[in-house]
Amino acid sequence: MKKIVFSFFVAAWTVSSAFAVSFDTKEDRIMVWGIRPMGMGGAFTAIADDENAIFYNPAGITQRQSWLLQMLSIDVSVSGETLNTVQDLQKVLNDENSGTDKGISIDGIQRAVDTISGKDISLSISAPNIFFISGPLDFEANSLNFGLGEYSFAEVGARLDFTVPDYIFQLAKTAEKQKLTEEDIFTIMPPDILQKLGVEDLTIDEIVALVAAGDYDEIYDHLNDDARKIVDKLEGGNFDLEEIVDELTAKLDLNQNMEAAGIINVYATGVLDAPIAVRIKELPVPGELSLGVNLKYIYRVKAKKLVSLAADDIGNLENSFDSINVAVLQGNGIGVDLGAIYHFTPQWNFGFQISDAYTKIDYNKVLFKYSKDKEDEDFTHTSTIDPELNVGVAYTPERFYFWPGHYFDTKNRFTFALDIRDLTGNYENSEFQRQLHAGVEYRLWMFALRAGLNKLHPTFGLGIEFSWFQLGYAFYGEDSYLSRAVGKEKTVYYHELLIAFKFGHHDGKPFGSDAKPSQSDPQNTPPQDTAPATPAKNSAIGNPAPAIPAPQLPSLVDQPQPQPNSVPAYDNQQQNFPADSDIDFQEQQQEEVRYF
């Protein structure tokens, strides 16, 4: 009897789960999210000054001060639930192996089912990625940048939801240790299930009373003939698996008590990108404008399926594979991304992007398929990636004021960014928090610290960037697309790690001491030369012209002083009160006090 009861319940439920083909015409986006953007909450539309520009805004490559060459990049992302599930399953396996019995116990199976059920199992890898972005090229009065690169990435995602009544595991555990008795069957199975099994002429309250009194023979006497045969077989442990499954399915209506639903999403993508952008330096308004376009060729292999329980197939083990349709498809296509950045000042950027303004993938080759009833079924189709409209703003402050006239010099190491993504709602719902992305980055020498909000989910990032090597980490929350596929909402947290070999990646938008000062900031106005002018020569006689003496200002000592106890008048020019007689006037002329 060991595990026999569990076998006919779980085997019927698991084996008869059907894979229904669900190749949507709405395709997953061609997107490598990137360590740096995701550490900043996904807000990158108005920054876009490195290789991530081809996914966030191709116009941003005009901010390159020199070329960038990415020789190799490996980007791995895994959900936290994946790591936890692996650890929990390993613990279950270790506990089972520590016992004397061979194989996994019913208790171990229940723990494993509970561990897997409802978890987002997701793993993605992007490698090897090779990319080049040129430095600025003179183009009439403007500048031109171009790039060329190849990205390959793959993702495996799965979510399975299991619903198994507890009494099934309890019956299985009892049967594992000994033969089932009437007491086991009638005590473990709930009263409503006993009614479905075939108890006639007894209400649920009467069944509860008989179980409490231990009068199991009375319950047995009220079973119909078919139900008695099932109980006799369970007690004796001698039955045909398929036969007992069919009988229990009819009696207990298992398809309403046991469910398995979920989604499996697998795809691998290669994309060849060719961004080009021009920076227009002369505008009728202040600032400069960058316009960019990214052309891409796409190669993708995918197998996306919805997994659901086929209720009519429960117990029908002989034909349990009839409804399974499986296909792995290969497709290729082209796409276009558009972008713009308005550089209002060296501190302010305003970004605009239309991702996948036109992108179609034609799945014209079936690499593998299985369809028992429909061997000739045609799985080929054309998928469209809907456009995504994104806007953003980025700000690099030169100083933080914490008191009038007192400030903290940032040395242009902070960058703040805010994005509103998917304004048309093609991928997210219209709720504002689903479209909002905000982040900040602080860079000091080779180190970078990032934080933000991705759809109000917290994000965090770290980076170590040498002249040829980059190591990065990002932790971020994201709405689960796997959960949405089965009609549920859930936040999943991901860990992402990047190892890259790149040259010139520090030469993007300048920061720190390399950043250009704001031309409108009086603090950054170059000081005037105070050296005496060289006397000019008289062109007529060849002699030096007499120097014109500079006008003499009256001495400050000669200025009238305010009388004691008088109320000082407000000076609109200085936006301050005049100094008293015992305060140095020149100290009052200092505009600001700088700290740090």
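What you see is a predicted model, and the numbers here were worked out from it, not measured in a lab.

Looking at the overall build of the protein
Assigned secondary structure in the protein consists of 15 helices and 21 strands. Classification of the 596 residues of the protein by burial places 43% in the buried group. Across the protein, every contact between residues at least 6 apart in sequence was considered, and the portion connecting residues at least 24 apart equals 71%. A total accessible area of about 30900 Å² is found for the protein, and carbon and sulfur atoms account for 58% of it.

A closer look at helix 4 (residues 80-97)
Compared with an ideal rise of 1.5 Å per residue, which puts 18 residues at 26 Å, helix 4 spans 26 Å between its outermost C-alpha atoms and is within 8% of the ideal. Taken as a whole, helix 4 has its buried residues at Gly80, Glu81, Thr82, Thr85, Val92 and Glu96. Tucked inside the fold, the buried residues of helix 4 contact strand 2 (68-79), helix 5 (106-116), strand 3 (121-126) and strand 20 (491-503).

Some words on the pairing of strand 3
Examined bridge by bridge, strand 2 and strand 3 share four bridges and lie antiparallel to one another. By the bridge assignment, valine 78 is partnered in strand 3 with leucine 123. As judged from the six bridges shared by strand 3 and strand 6 (residues 142-163), these two strands associate in the antiparallel manner. Bridging across to strand 6, leucine 123 finds its partner in valine 156.

What to know about the packing of aromatic side chains
A full pass over the atoms with the stated rule returns 19 aromatic pairs. With centroids separated by 5.5 Å and ring planes inclined at 70 degrees, the aromatic side chains of phenylalanine 44 and tyrosine 56 adopt a geometry described as edge-to-face. With phenylalanine 44 in the loop between helix 2 (35-39) and helix 3 (53-56) and tyrosine 56 in helix 3, this pair connects stretches of sequence that are twelve residues apart. An aromatic cluster is built from Tyr342, Phe344, Trp348, Phe350 and Tyr395, whose rings are joined through pairwise contacts. Here the basic side chain of arginine 300 rests over the ring of tyrosine 267, its NZ or CZ set 4.5 Å away from the ring centre. Of note, arginine 399 hangs over the ring of tyrosine 407, and the distance from its end group to the ring centre comes to 4.6 Å.

Some points on the pattern of salt bridges
Per the stated rule, a full pass over the model turns up 21 salt bridges. With a closest N to O distance of 3.5 Å, lysine 490 and aspartate 120 form a salt bridge. Of this pair, lysine 490 sits in the loop between helix 14 (481-485) and strand 20 while aspartate 120 is found in the loop between helix 5 and strand 3, placing the two residues 370 residues apart along the sequence. By relative accessible area, which is 1% here, aspartate 120 ends up buried. Through salt bridges with shared partners, a single network forms among Arg36, Asp49, Asp50, Glu441, Arg443, Arg450 and Glu465.

What to know about empty space enclosed by the protein
Following the criterion strictly, the structure yields five cavities of 30 Å³ or more and no others. Empty space within the largest cavity amounts to approximately 230 Å³. Forming the walls of the largest cavity are 25 residues, and the residues nearest its centre are Asp50, Glu51, Asn52, Gln470 and Lys502. Listing elements by their share of the lining of the largest cavity, those giving two or more residues are helix 2, strand 2 and strand 20. For the lining of the largest cavity, a count of residues per class yields six nonpolar, nine polar and ten charged. Looking at the second largest cavity, its volume works out to about 130 Å³. Considering the residues around the second largest cavity, the lining is formed by 13 residues, among which Arg36, Asp49, Thr396, Thr415 and Lys509 are closest to the centre.

Some words on the environment of asparagine 390
Its place among the elements puts asparagine 390 in strand 12 (residues 388-395). Take asparagine 390: its relative accessible area is 0%, and that puts it in the buried class. Each C-alpha atom, one on asparagine 390 and one on threonine 45, is 7.2 Å from the other, the two residues being 345 residues apart in sequence. Setting aside chain neighbours within four positions, we find asparagine 390 in contact with Thr45, Gly351, Phe352, Gln353, Ser355, Ile420, Arg421 and Asp422. A distance of 2.8 Å separates polar atoms of two side chains, one belonging to asparagine 390 and the other to glutamine 353. Here aspartate 422 takes part through its backbone nitrogen, which lies 2.8 Å from a polar atom of the side chain of asparagine 390.

Thoughts on the environment of valine 366
Counting through the fold element by element, valine 366 comes out in strand 10 (residues 348-371). When the C-alpha positions of valine 366 and glycine 331 are compared, they lie 9.0 Å apart, and in sequence the two are 35 residues distant. Aside from chain neighbours lying at most four places away, what touches valine 366 is Val328, Leu329, Phe379 and Thr380.

A few points about the pairing of strand 15 (residues 414-420)
Here strand 12 runs beside strand 15; their pairing, made up of five bridges, is antiparallel. Across the sheet, residue valine 393 finds its bridge partner in strand 15, namely leucine 418. Where strand 15 lies against strand 16 (residues 436-444), seven bridges are found, and the strand directions are antiparallel. Residue isoleucine 420 lies in a different strand from strand 16, and its bridge partner there is leucine 436.

Looking at helix 5
The set of residues buried in helix 5 consists of Ile106, Gly108, Ile109, Gln110, Ala112, Val113 and Thr115. One or two residues past the end of helix 5 sits glycine 118, with phi positive at roughly 75 degrees.

About the cut-offs
Residues numbered from 1 in each chain as written. Predicted model: local features only at pLDDT ≥ 70, side-chain atom pairs only at ≥ 80, totals over all residues. Heavy atoms only, no water. Helix = DSSP H or I, 4+ residues; strand = E, 2+ residues; numbered from the N terminus. Buried < 20%, exposed > 50% of the residue type's maximum accessible area, 1.4 Å probe, protein only. Contact = heavy atoms within 4.5 Å. Areas by Shrake-Rupley, 256 points an atom, 1.4 Å probe, with all protein chains shown as cover. Expected span 1.5 Å × (residues − 1). Pairing = 2+ DSSP bridges. Phe/Tyr/Trp six-rings, centres within 6.5 Å; stacked < 30°, edge-to-face > 60°. Lys NZ or Arg CZ within 6 Å of the ring centre and 35° of its normal. Salt bridge = Lys/Arg side-chain N within 4 Å of Asp/Glu carboxyl O. 1 Å grid on protein atoms, 1.4 Å probe; cavity = no way out; pocket = protein on both sides within 12 Å on 5 of 7 lines; lining within 4 Å. Points joined across faces, edges and corners; volume = space filled by probe spheres on them. Nonpolar A, V, L, I, M, F, W, Y, C, P; charged D, E, K, R; others polar. Polar contact = N/O pair within 3.5 Å; in protein donor to acceptor, adjacent residues only side chain to side chain.

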